[in-house]
Each structure stands twice: as C-alpha cells, then as structure tokens.
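Structural description and commentary
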There are 2 protein chains.
Amino acid sequence: MDGTQMPAAAAAMTARYGAGAEPKAGPWNDTLALLLAHRSVRSFKTDKPPEGTLEALVAAAQSAATSSNLQTWSVVAVDRPEVRAELAAIANGQKHIEVCPIFLVFIADTSRNSRLAAEAGTELVGMPYLESFLVSSIDAALAAQNAVVAAESLGLANVYIGALRNDVTRVAELLGLPPGAAPVFGLCIGYAQEGREGEVKPRLPQDAVLHHETYDADDAGHRAAYDPRMEDFSRRQEMAGSNWTQRVIARLGSFRALSGRDKLKEKIIALGFPLR
Amino acid sequence: MDGTQMPAAAAAMTARYGAGAEPKAGPWNDTLALLLAHRSVRSFKTDKPPEGTLEALVAAAQSAATSSNLQTWSVVAVDRPEVRAELAAIANGQKHIEVCPIFLVFIADTSRNSRLAAEAGTELVGMPYLESFLVSSIDAALAAQNAVVAAESLGLANVYIGALRNDVTRVAELLGLPPGAAPVFGLCIGYAQEGREGEVKPRLPQDAVLHHETYDADDAGHRAAYDPRMEDFSRRQEMAGSNWTQRVIARLGSFRALSGRDKLKEKIIALGFPLR
C-alpha cells in the first residue's frame, strides 16, 4: 500500500458505495483502481483496437481458473453485420451490438469434451446433469470477466449482453453450435464514445452482500440506504429517476420482462444439456 | 504497448500455451501479465493479510457487472475452525480450506430481491425460472473472478472450491442461508507457501476455444497437440503423468467422480430455486 494513493482509494470507494457508506480502508493499488472504476458502456466508437487485441483478451480469458481444467467454454467472435443485426434484435434492439468493433458470444461448451470421449470410444456418464451446465456457465463467466478486466486495462469499454438468452435456440443456430454448446451471454467491446463513458454505478452497501460466518437476512436498512443513492444516480444519468426497489420490481415483477426467458430451460435441454 | 515489455509478453504466452502454440502477438501491459500468470494454489501460509484486505476484495467483487443491477449474489466469509473442517470434508478432504486465512463461499442469492418484494407487498413472478438461478450463478462468478484478480494483484494466491457443490444442502445449513440462496463455490485466499506457488498450467490452443463467425468443431488436432503438453505439465508438478484426454475421462467418465453432484438439481430446488 502506498500512502500517497489513499485519496484515490477513498474516492473510488465513495464512487462505488456513496458518501458515508465506504467500507473499511485497506490495501490499494492500480489493479484495485481499475476494478473499482468499472462501468458498463453502451456507446461505442467504431474504431478498431490494435491487431492482436482479441487474441490478448482470449489469452486472459483462458488464464482464468476452470473447474478441473475441463475448459468447458468457448467464445465466438461475430463480425458479420447481418448476424450482428439479428443478435441485436434478439436482445430487444440493443444497437451497440451492431456498432462495437468486437462482439463476443460466450458459450457453455461441453461438446469438446464429448468429442474427445467419442474419439476415445467412451461415454461421459457424469455429463448429463445440471452440474455440467452450471460448471460450464461458471467457467464461461470466469473467463469473460478476465477478458473484461483485460479490455479495461487497455482502455476498452464493454457491456455484457444477457439478453442473448431471450432466444438461445436462434443464437445457437446463427453460430452453428454443436449439441452440448449453449450461448450464455454476449460481450460488446470497444472504445467508449467521448462523454458516454458513464459514471460508476453505486452498489448495495458492503454489509448487505458480505456476511460473516452465517447469512444475515436483516438487510432492510441497507436496502433503504441504497434506494436514494440509485435514485440520484439514475437522475444524473438521465434515465427515469427510479430507485433500486422500483427497478428490481420492474425487472422481475412481470412475466413480460422475462422476454421469453421463461422458455430457457426447455431450450437449453434441446441444445444438448439434459439438466438431470 | 511498450516494446520493452514484449519479451515478457512472449514468455507469458509460451507459459500459457506451450512453445510453438502462442497466439498472435498484440498489446501488453502489467494487468495482462497479472492475468496470464494465474495459478491455482492449494498450499497456504496461515499469515493473515493486512486489515481491510477482505473489504477491498469484496469492493472489487461488487464492482463487477451484475445483470440488470439485480446484484443477485452474496458472499460468506467463514472463519470458525469447526465449520471450515466440515466444509473441507464435504469437499473430499481439501485441507487448504482449513489452512487458508480467508475462506469465502459465494452464494447465488435471489433472497434479497424476494425480501424487497415482500416488503413492497408484491410478487416477483419472473423469479422461479432456470434463468434466475443462472443469472445469480453468473453474477456470483463475475464477482468472484474480480476478487481473484484483486487478490493476485496484492500477492495473494487462491483456489476455487467447486466441490462445495458435493452437498449444497449441508453447506447452506452451516451458513444459515435463507430460501432462494444457494452456495455455488468456495474460494481459498492467502499467501502461497514458499515453493508451492506452482507453475502456470497450459491451456488448450486458442484456436480450439476462439471461433470466428461460427463454431468450428474440427478440433481433434488441437486436442492432440494439447495432450502431451498436459502430460509434461503433470509430470513436472509431481502428479500422475496423465494427459488431458485421460483427465477429462477420469473426471466425467464415472458416476462416482460426481461425488453426489448428480443430486444437485433436487437440492437446488429444495433451497428455493424452482428452476422452471
């Protein structure tokens, strides 16, 4: 820890948690500063990053831990404008999917392991369980987050696109996925448009998320403290001035907001994950 | 990119992919070096990291993207030796769970959102689907990976403990989890014992994992190239000298190796995720 950096640490914690809600001060360095400064960005320049950037991001992604080194994930880089346009439509019209210079689809992928077993003339009897889909989705997420950190270290903004799950069947068709491979989310990467880098979004107080020894469900006070912070944030960002409670209810309180993801289970099963 | 760093970049790529299998050279910086150097470590000193370290790691974790800002994850820091011992037993006797100074259990947690809705007198009809369990597991993974990167930037080694899923029911009991909260994995964090930092583990060739436009399932050559690299690695690390094909089949080819995770689905449902 470098004492001269502490004002930066305090400022980063205030941006993330709000004034008065900062957690206990601790060690600090440039990596923590990078991680704390994360923002999801949806306005990209079309400028391409330097040659080899995609490969560097994927090398970072492959360096993340993977359960039992099974490496049950893949990533598809999609450039074709007509495919980007259809993916944007699936994601309820998120235009940035068409604009960003790098668009990745992360895949929960047990098909590689199945090909290996088929070649060896054996059957992977441990495969058809919920566990395999969960492991491969977590593997994909760990890998993707490393790619995000790598991107941000190179000055590249990004945003995850969970809305590809609105129709995993069609995404899998577009990408030619084999059985046992399912899209879990997309990722837009590129340089942020000037002035559209956004502001660090406040999160729940740390005490609402971090528990000691056992889970403490008495968190109404933490949520009440967070609501006005999110309301202020949303006003400043020129969105509707709604608080966290209102946003959670808007997102999860209606069947319509699922955008078809109520069908995710049957579609994932059809893509070759029996989910036993 | 700093030209003087390129030998470091090349060395890091060789360590991760093997000589002759390095991807195209691209940008490089200290963050990429940190990410590429990841190793899972299972031998920890008992020395505690400085005050405020846990809070810094959780601040990094909370700074990761979270789907629709729903923040559907939590983390429980477990110190009590008797609980650590039982968690280690659940994880097939992984002693490092008892030794490491920081042990975290990451939780897929929709219970906070449910409490909010109950207080507001409304029902989250979008919740009881596979989608919610998947989102909360991915949220937990993105958060955890940020904590891992933060830890490594502070010189702290770590290893994920997926084997907590051998018995999520008992883990949930030990941590007093409310309905709608399920353990997804653990994470050991601490200083590596000298000489036990391990070696960077080679991964599949990048072309086996990164696809362009559509998925290329013709990867037998990539797997064949990787097998001897993993065999060499496992010999050097004094494990059984087995290649990747053998390891995948050992891990997934027997029902016994599931260690009870064939019951994961019914246990997750019982923990309050209907998985519709």
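All values derive from a computational prediction rather than experimental measurement. (Residues numbered from 1 in each chain as written. Chains lettered and ligands numbered in written order. Predicted model: local features only at pLDDT ≥ 70, side-chain atom pairs only at ≥ 80, totals over all residues. Heavy atoms only, no water.)

Side note on the overall build of chain A
A count of helical and extended segments in chain A gives twelve helices and five strands. Compactness check: chain A gives a C-alpha radius of gyration of 20 Å against a globular reference of 19 Å for 276 residues, within 12% of the reference. The 276 residues of chain A split such that 61% are buried. Residue pairs in contact within chain A that sit at least 24 positions apart in sequence constitute 75% of those at least 6 positions apart. On chain A, roughly 10100 Å² of surface is accessible, and the fraction owed to carbon and sulfur atoms is 51%. (Helix = DSSP H or I, 4+ residues; strand = E, 2+ residues; numbered from the N terminus. Rg over C-alpha atoms; globule rule 2.2 N^0.38 Å. Buried < 20%, exposed > 50% of the residue type's maximum accessible area, 1.4 Å probe, protein only. Contact = heavy atoms within 4.5 Å. Areas by Shrake-Rupley, 256 points an atom, 1.4 Å probe, with all protein chains shown as cover.)

Re the nonpolar core
If you look at the biggest cluster of nonpolar residues, it comprises 192 residues, and the most contacted ones within it are L87, F103 and F106 of chain A together with L87, F103 and F106 of chain B. Leave out the neighbours within four places in its chain, and L87 of chain A touches V78, I97, F103, V105, L164, V171 and L174 of chain A. (Core = buried A, V, L, I, M, F, W, Y, C linked by side-chain atoms within 4.5 Å.)

Examining the interface of chain A and chain B
Across the boundary between the two partners, chain A contributes 119 residues, which contact 119 residues of chain B. Summed over both sides, the interface of chain A with chain B buries roughly 10600 Å², with 62% coming from carbon and sulfur. For the chain A face of the interface with chain B, the top three residues by lost area are E213, Y215 and L252 of chain A, together amounting to 8%. D219 of chain A serves as the salt-bridge partner of R115 of chain B, at 2.7 Å between the closest nitrogen and oxygen. Connecting chain A to chain B are 66 residue pairs in polar contact (both at pLDDT 80 or more). Broken down by element, the residue count for the side of chain A that touches chain B peaks at 14 residues, all from helix α7 (residues 130–153) of chain A. Taken together, the residues that form the side of chain A that touches chain B break down as 65 nonpolar, 31 polar and 23 charged. With three bridges connecting them, strand β5 (residues 210–212) of chain A and strand β1 (residues 73–77) of chain B associate as parallel partners. Each bridged residue has a counterpart across the sheet, and for L210 of chain A the counterpart in β1 of chain B is V75 of chain B. (Buried area = accessible area lost by both parts, 1.4 Å probe. Salt bridge = Lys/Arg side-chain N within 4 Å of Asp/Glu carboxyl O. Polar contact = N/O pair within 3.5 Å; in protein donor to acceptor, adjacent residues only side chain to side chain. Nonpolar A, V, L, I, M, F, W, Y, C, P; charged D, E, K, R; others polar. Pairing = 2+ DSSP bridges.)

Concerning the domain arrangement of chain A
Size of an interface, as often reported, equals the accessible area lost when the parts are brought together. Structurally, chain A comprises domain 1 (1–37) and domain 2 (53–194). A straight line from the C-alpha centre of domain 1 of chain A to that of domain 2 of chain A covers 31 Å. (Domains from an automatic or database assignment.)

Section: the relation of the copies chain A and chain B
Least-squares fitting of chain A to chain B yields an RMSD of 0.0 Å, with the superposition described by an axial translation of 0.0 Å and a rotation of 180 degrees. When the rotation and shift are considered jointly, the pair of chain copies conforms to a two-fold rotation axis. Mapped onto chain B, 100% of the interface residues of chain A again fall at the interface, so both copies present the same surface. (Least-squares fit on C-alpha atoms with pLDDT ≥ 70 in both.)

Side note on the sheet that holds β1 of chain B
In space, the five strands of this open sheet follow the order β5(A)-β1(B)-β2(B)-β4(B)-β3(B), with mixed pairing throughout. Each edge of the sheet is formed by a strand with only one pairing partner; in this case those strands are β5 of chain A together with β3 (157–161) of chain B. Neighbour to neighbour, the strand axes of the sheet diverge by 25 degrees on average, direction disregarded. (Axes fitted to C-alpha atoms, helices over the stretch in contact; angles between N-to-C directions.)

Structural notes on the packing of aromatic side chains
Throughout the structure, instances matching the rule amount to twelve aromatic pairs over all chains. Centre to centre, the rings of Y226 of chain A and W244 of chain A are 5.5 Å apart; their planes meet at 65 degrees, and the pair counts as edge-to-face. Of this pair, Y226 of chain A sits in helix α10 (residues 220–236) while W244 of chain A sits in helix α11 (residues 244–252), and the two are 18 residues apart along the sequence. Each member of the pair, Y226 of chain A as well as W244 of chain A, carries the same accessibility label: buried. When the centroid spacing of 5.2 Å and the interplanar angle of 65 degrees are considered together, the rings of F133 of chain B and F273 of chain B count as edge-to-face. With F133 of chain B in helix α7 (residues 130–153) and F273 of chain B in the segment after α12 (264–270), this pair connects stretches of sequence that are 140 residues apart. Looking at F273 of chain B, the relative accessible area reads 4%, which means it is buried. The structure contains a cluster of three or more aromatic residues connected by ring pairs, namely W73, F106, Y160 and F185 of chain A. (Phe/Tyr/Trp six-rings, centres within 6.5 Å; stacked < 30°, edge-to-face > 60°.)

Section: the pattern of salt bridges
Tallied over the entire structure, the rule returns 36 salt bridges over all chains. Close ionic contact of D109 of chain A with R112 of chain A constitutes a salt bridge, the shortest N to O distance being 3.6 Å. Salt-bridge contacts for E199 of chain A lead to R236 of chain A; the nearest nitrogen and oxygen are separated by 2.6 Å. You can see E199 of chain A sitting in the loop between β4 (181–190) and α9 (206–209) and its partner R236 of chain A sitting in helix α10, a full 37 residues away along the chain. Take R236 of chain A: its relative accessible area is 47%, and that puts it in the partly exposed class. Within this structure, R115 and E119 of chain A together with D219 and R223 of chain B form a network of salt bridges that share partners.

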